[in-house]
Amino acid sequence: HVQLVESGGGSVQAGGSLRLSCVASEDKYSNFCMGWFRQAPGKEREGVAAILLRGDDTAYADSVKGRFTISQDAAKNTVHLQMTQLRPEDTAMYYCAVDRYLCSIRYHLSWNYWGQGTQVTVS
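Here is a short report on the structure shown in this document. (Residues numbered from 1 in each chain as written. Predicted model: local features only at pLDDT ≥ 70, side-chain atom pairs only at ≥ 80, totals over all residues. Heavy atoms only, no water.)

**Brief notes about the overall build of the protein**
- For the protein, the helix and strand inventory stands at zero helices and eleven strands.
- Along the chain direction, N to C, the helices and strands of the protein fall in the order β-β-β-β-β-β-β-β-β-β-β.
- Taking 2.2 N^0.38 as the reference for a compact globule, 123 residues should give roughly 14 Å; the C-alpha atoms of the protein span a radius of gyration of 13 Å, in line with that estimate.
- When each of the 123 residues of the protein is scored for burial, the buried share is 44%. (Helix = DSSP H or I, 4+ residues; strand = E, 2+ residues; numbered from the N terminus. Rg over C-alpha atoms; globule rule 2.2 N^0.38 Å. Buried < 20%, exposed > 50% of the residue type's maximum accessible area, 1.4 Å probe, protein only.)

Rendered as structure tokens:
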């Protein structure tokens, strides 16, 4: 079982930045893909960004392109989400996830493991 631990959430003013991190318990290349999803109260879970671990192919939701950047550490099974130009509509619980077989931010049901989430609040 893959354990995921997110960190870096908090409260910021609009236009500010936050850097989220997610550490997985397994080796870096034990999984196919890692990504970030978010969910605000009353809204459906939304894919934000994903990265292919064997390589660096990335995908982003249209709403965050140009503002958010996903990256991975060279030697650890760790991913980061650098968020800039934050907007109030970015407020949500952000979840790290692992997908062993696919890498689609369009369909959250395909992801195998999830962290507990870290809250991001933008005001």
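**Things to note about the sheet that holds strand β3 (residues 18-24)**
- One open sheet holds the four strands; their spatial order is β1-β3-β8-β7, and the pairing between them is antiparallel. In this open sheet, the two strands that pair with only one neighbour each are β1 (4-7) and β7 (68-72). Geometrically, the sheet is characterised by an average inter-axis angle of 15° between neighbouring strands, direction not taken into account.
- In terms of strand pairing, β7 meets strand β8 (residues 78-83) through five bridges, oriented antiparallel. Note on β8: the bridge partner recorded for S71 is H80. (Pairing = 2+ DSSP bridges. Axes fitted to C-alpha atoms, helices over the stretch in contact; angles between N-to-C directions.)

**Focus: unusual backbone geometry**
- Backbone geometry at Q85 places phi at a positive 50°, although glycine is not the residue there.
- Within the secondary structure, Q85 is located in the loop between β8 and β9 (92-99).
- Here Q85 falls in the partly exposed class, since its relative accessible area comes to 47%.

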